[in-house]
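# Descriptive structure summary
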Amino acid sequence: MYAVRLWSVRHARGLNRFYTAFEKVMVALHPLWNKIGYEKLEAPFQKLEKASKGFLFDCQMCGQCALSSTGMSCPMNCPKTLRNGPCGGVRPNGHCEVKPEMKCVWVQGWQGAARMDDGLEKIRNVQHAVDNSIKGKSAWLRVVRMTKKVGEFAPKPVKAPAAKPAAPKAETPKAEKAA
């Protein structure tokens, strides 16, 4: 697996181009996914995604894939799971301080990003912390739902401001009622 992960970083440009085209196809198929139901698709997509991305990138199935932003180097392979750059312990040879036999995933990420068309711009984007509640879920389906604003990503209805209660009518004095 590790050798394939290194190969993926070396071929980041082609893999990113493929992934960009694949994402467009996935989004275009939203009407089909919606008709089938995203809940029904989750389990088969999880298996497919884990098999393919696990093989190519040693994917950890965080549910929030950042490969296209990190030079096709999965930041979840970092022993410290750092998503926004290397720690201060990268060895002079570019290897990890925790696992000295492993190249730092962020050193690899920068190398992969340099090979990608717009990778050096994307790698500077700050990644959000991992939401562990979606760990193991399909990032592919999540991207479609985010793009199409479906389910949890649907715009929330705007609540109309509460109507102000009408001012109470002043009571007419009894003398005026008699007149």
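Above this text is the structure in question.
Since the model is a prediction, treat every value here as computed from it, not as a measurement. (Residues numbered from 1 in each chain as written. Predicted model: local features only at pLDDT ≥ 70, side-chain atom pairs only at ≥ 80, totals over all residues. Heavy atoms only, no water.)

### Comments concerning the packing of helix α2 (residues 12-28) against helix α7 (residues 139-148)
Look at α2 against α7: their axes get within 9 Å of each other, and the N-to-C directions meet at 60°. Between α2 and α7 the crossing geometry is right-handed. Residues Tyr19, Phe22, Glu23, Met26 and Val27 of α2 lie in contact with α7, whose contacting residues are Trp140, Leu141, Val143, Val144, Thr147 and Lys148. Taken together, the residues of the contact of α2 with α7 sort by class into eight nonpolar, one polar and two charged. (Axes fitted to C-alpha atoms, helices over the stretch in contact; angles between N-to-C directions. Helix = DSSP H or I, 4+ residues; strand = E, 2+ residues; numbered from the N terminus. Left-handed = near helix turned anticlockwise from the far one by under 90°. Contact = heavy atoms within 4.5 Å. Nonpolar A, V, L, I, M, F, W, Y, C, P; charged D, E, K, R; others polar.)

### A short note on unusual backbone geometry
One non-glycine residue, Asp58, lies in positive phi territory at about 55°. Topologically, Asp58 is positioned in the loop between α4 (38-57) and α5 (105-115). The partly exposed category is assigned to Asp58, whose relative accessible area is 21%. Positive phi values are uncommon outside glycine, yet Met61 reaches one of about 55°. With respect to the helices and strands, the residue Met61 is situated in the loop between α4 and α5. (Buried < 20%, exposed > 50% of the residue type's maximum accessible area, 1.4 Å probe, protein only.)

### Digging into a nonpolar patch on the surface
A grouping of Val25, Leu29, Leu32 and Ile36 is seen on the molecular surface, where their side chains present a nonpolar patch of about 300 Å² in accessible area. Within the element layout of this structure, Ile36 appears in helix α3 (residues 30-36). For Ile36, a relative accessible area of 37% puts it in the partly exposed group. (Patch = residues over 30% accessible without salt bridge, like charges linked within 9 Å, V, L, I, M, F, W, Y side chains within 5 Å. Areas by Shrake-Rupley, 256 points an atom, 1.4 Å probe, with all protein chains shown as cover. Salt bridge = Lys/Arg side-chain N within 4 Å of Asp/Glu carboxyl O.)

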